[in-house]
Amino acid sequence: ITPNNLCYEIMKLRPPVKPLKVLDIGCGEGKDAVFLARNGYIVTAFDLSETGIEKGKKLAEKCNTYVKKIRFKKIITINLTNTFIAKNMSKMVSN
């Protein structure tokens, strides 16, 4: 696995000499999350894509990454921006 260069920076700044937790938001297909978990970090990885999450889980399994070291989760989003705009537009139109 070839991770993003940021993974190497994390390892330099906070080497996993004791169990450290990493939150990977927008993990995509999980390459960086699996890399960090294989190097001793406890990783929780999130993404919007169900397909990406499934690929990340398969990659973790293929790389024999222990379940306790890595968790993948799908993010459920609520579009608050559109709700806010819609409420304020209705107020502006009614005034």
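J.: In this structure, what is going on with the pairing of strand β2 (residues 42–47)? I would like to understand it.
T.: In summary, the side chains of a regular strand alternate between the two faces of the sheet. Where strand β1 (residues 21–25) and β2 come together, five bridges link them in parallel fashion. The residue of β2 that forms the bridge with D24 is A45. A crossover connection joins β1 to the parallel β2 through helix α2 (residues 31–38); in handedness this β-α-β unit is right-handed. Sheet topology places β2 next to strand β3 (residues 70–74); five bridges connect them, and they run parallel. Bridged to F46 within β3 is K73.

J.: What is the right way to read α2 from this model?
T.: Helical geometry note: an α-helix holds 3.6 residues per turn, so side chains three or four residues apart project in the same direction. Buried residues dominate α2, accounting for six of its eight residues. Burial in α2 covers these residues: D32, A33, V34, F35, L36 and A37. Contacts from the buried residues of α2 go to α1 (5–13), β1, β2, α3 (50–62) and β3. Just past α2, the residue G40 takes up positive phi, approximately 105°.

J.: Sorry if this is basic, but what is going on with α3 here?
T.: For α3, built from 13 residues, the straight-helix expectation of 18 Å at 1.5 Å per residue is met to within 8% by its first-to-last C-alpha distance of 18 Å. Buried residues of α3: G52, I53, G56 and A60, and no others. Down the axis of α3, the buried set is contained in an arc of 100°. They therefore lie on one face. For α3, exposure combined with an orientation more than 90 degrees from the buried face picks out T51, K58, E61 and K62. Tucked inside the fold, the buried residues of α3 contact α2, β2 and β3. Its side-chain oxygen at 3.3 Å from the backbone nitrogen of T51, S49 defines the N-terminal cap of α3. Backbone geometry just downstream of α3 places N64 in the positive-phi region, at approximately 55°.

J.: When you look at the pattern of salt bridges in this model, what are you seeing that I'm missing?
T.: Oppositely charged side chains are able to pair whenever their charged atoms sit close together. All chains considered together, the criterion is met by three salt bridges. The closest approach of N and O atoms between E9 and K12, which form a salt bridge, is 3.5 Å. Remark: K12 and E9 occur in helix α1; sequence separation between them is three residues, near one turn of the helix. Since its relative accessible area comes to 61%, K12 is described here as exposed. For K55, the salt bridge identified is with E29, shortest N-O distance 3.3 Å. Highlighted residues: K55 in helix α3 and E29 in the loop between β1 and α2, separated in sequence by 26 residues. Judged by relative accessible area, K55 falls into the partly exposed class, the value being 41%. For E29, a relative accessible area of 47% gives the class partly exposed.

Basis of the calculations
Residues numbered from 1 in each chain as written. Predicted model: local features only at pLDDT ≥ 70, side-chain atom pairs only at ≥ 80, totals over all residues. Heavy atoms only, no water. Pairing = 2+ DSSP bridges. Helix = DSSP H or I, 4+ residues; strand = E, 2+ residues; numbered from the N terminus. Right-handed = clockwise from strand over helix to strand, strands pointing away. Buried < 20%, exposed > 50% of the residue type's maximum accessible area, 1.4 Å probe, protein only. Contact = heavy atoms within 4.5 Å. Expected span 1.5 Å × (residues − 1). Arc of directions from axis to C-beta. Polar contact = N/O pair within 3.5 Å; in protein donor to acceptor, adjacent residues only side chain to side chain. Salt bridge = Lys/Arg side-chain N within 4 Å of Asp/Glu carboxyl O.

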